[in-house]
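A look at the structure
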Amino acid sequence: MSSPRTHTHSLDASSSRPYVIINVAMSADGKLSTRERRQVKISGKNDFSRVDELKAGCDAIMVGIGTVLADDPSLTIKSDALIRMRRDQNRSSHPVRIVVDSMARIPPDAKILHKGEGERIIALSRAADFHRVEQLQQTAMQCGEGIEVELIVCGDDQVDLAELFQDLKKRGIHRLMVEGGGTLIMGLLKAGVVDEIHTYIGNMIIGGKDAPTLADGGGFILEDEFVQLTLYSLSRMEDGVLLSWYVDA
């Protein structure tokens, strides 16, 4: 029997990327929402508080454009106490909010651009339509006081996640939380840049072969490509269970 692997809660300070934590809520059959991408309340108040605390401890929160189009999240911290804590630490009220949007599809009125003070980063590819990028630049300049929106380009046909993460680390982002969706998460797993995964599993079955899961897209084919995990925490929460995993190197 091989000896157990040793895990740490942070990367070496010399790492070229942030420490990355994925957090999702899924049904008992592994679905994040319905096949129409309609948002479903899977967890409850206690899990919402846990996620808010996790956000408050991170430098940035990331989602893919699919999540923005389907759910229109603001990604703000909800607890006034957690906001005060961040301010007492000389940090912004909310973590930097990041959208991976290869083709510049984010709507000009998306909540993530307008709700809550602080910095936003929209990561684009070079294949993004020029007119959409131009419109997004105009929107960024009109988002209001206390809001800063920056567009960064990395990658040709789609955002190069490894390049993006190196850029984020240089900007002082050391701890990053990812809230989905399945296409972005799969891309991050394939790129080998994920350190932890937290999954709240709710007491419902959503069903549907086209409903989104934690890791969508083409998936892995060979067994030696599979991402291996080590479970480090399991706890009952409300009517579901919270599983926390380290991603094996």
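A brief report on the enclosed structure follows.

About the thresholds
- Residues numbered from 1 in each chain as written.
- Predicted model: local features only at pLDDT ≥ 70, side-chain atom pairs only at ≥ 80, totals over all residues.
- Heavy atoms only, no water.
- Helix = DSSP H or I, 4+ residues; strand = E, 2+ residues; numbered from the N terminus.
- Rg over C-alpha atoms; globule rule 2.2 N^0.38 Å.
- Buried < 20%, exposed > 50% of the residue type's maximum accessible area, 1.4 Å probe, protein only.
- Contact = heavy atoms within 4.5 Å.
- Areas by Shrake-Rupley, 256 points an atom, 1.4 Å probe, with all protein chains shown as cover.
- Salt bridge = Lys/Arg side-chain N within 4 Å of Asp/Glu carboxyl O.
- Arc of directions from axis to C-beta.
- Polar contact = N/O pair within 3.5 Å; in protein donor to acceptor, adjacent residues only side chain to side chain.
- Core = buried A, V, L, I, M, F, W, Y, C linked by side-chain atoms within 4.5 Å.
- Pairing = 2+ DSSP bridges.

A few words on the overall build of the chain. The helix and strand inventory of the chain stands at seven helices and nine strands. Over its C-alpha trace the chain gives a radius of gyration of 18 Å, about what one expects of a compact globule, namely 18 Å for 249 residues. Projected onto its principal axes, the C-alpha positions of the chain cover 55 × 45 × 40 Å. Per-residue burial for the chain yields a buried fraction of 46% across its 249 residues. The long-range share in the chain, meaning contacts at least 24 apart out of those at least 6 apart in sequence, stands at 72%. Accessible area of the chain: about 13200 Å², with a carbon and sulfur share of 49%.

Here we take up the pattern of salt bridges. Counted under the stated rule, the structure contains nine salt bridges. The shortest N-O distance in the salt bridge between Arg171 and Glu150 comes to 2.8 Å. Highlighted residues: Arg171 in the loop between α6 (161-170) and β6 (175-178) and Glu150 in strand β5 (residues 147-153), separated in sequence by 21 residues. Using a relative accessible area of 34% as the deciding quantity, one classes Arg171 as partly exposed. Given the relative accessible area of 27%, Glu150 is considered partly exposed. With its nearest N and O atoms 2.3 Å apart, the salt bridge here joins Asp167 to Arg171. Classification of Asp167 as partly exposed rests on a relative accessible area of 27%. Taken together, the shared-partner salt bridges connect Glu150, Asp167 and Arg171 into one network.

Now for the environment of Ile206. Position of Ile206 among the secondary structure elements: in the loop between β7 (196-201) and β8 (229-237). With 100 residues separating them in the primary sequence, Ile206 and Ile106 have C-alpha atoms 27 Å apart. If we skip the residues at most four places from it in the chain, Ile206 touches Ser27, Asp29, Lys31, Ser33, Thr34, Val40 and Ile42.

What follows deals with helix α3 (residues 80-88). Buried within α3 are the following residues: Leu82, Ile83 and Arg86. Down the axis of α3, the buried set is contained in an arc of 100°. They therefore lie on one face. Exposed side chains of α3 directed beyond 90 degrees from the buried face belong to Asp80 and Asp88. Capping the start of α3, Ser79 holds a side-chain oxygen 3.2 Å from the backbone nitrogen of Ala81, two or three residues further along. Asn90 lies just past α3 and shows a positive phi near 60°.

Counting residues in hydrophobic clusters, the biggest one holds 31 residues, and the most contacted among them are Met62, Ile98, Leu164, Phe165, Leu168, Leu176 and Val178. Of all the secondary structure elements, the ones that give two or more residues to this core are β1 (19-26), β2 (60-64), β3 (96-100), β4 (118-124), α6, β6 and α7 (182-191). Counting 20 residues, the second-largest nonpolar core is a separate cluster that includes Ile61, Val63, Ile122 and Ala128.

Along β3, five of the five residues are buried, which leaves the element largely enclosed by surrounding structure. Here β3 shows two buried faces, one formed by Val96, Ile98 and Val100 and the other by Arg97 and Val99. The sheet contact formed by β2 and β3 spans five bridges and is parallel. Its bridge partner lying in β3, Ile61 is registered against Arg97.

Below, the discussion takes up α6. Within the sequence span of α6, burial applies to Leu161, Leu164, Phe165, Leu168 and Lys169. The buried residues of α6 occupy one face: seen down the axis, they fall within an arc of 135°. With a side-chain oxygen lying 3.2 Å from the backbone nitrogen of Ala162, the N-terminal cap of α6 falls on Asp160. A positive backbone phi angle near 90° is found at Gly172, which sits one or two residues after α6.

The next thing to look at is unusual backbone geometry. Gly181 follows Gly180 through a cis peptide bond whose omega is 5°. Positioned with a positive phi, Asp72 is a non-glycine residue whose angle comes to about 50°. Looking at the secondary structure, you find Asp72 in the loop between α2 (65-71) and α3. Despite not being glycine, Glu238 has its phi angle at roughly 55°, a positive value. Secondary-structure assignment places Glu238 in the loop between β8 and β9 (240-247).

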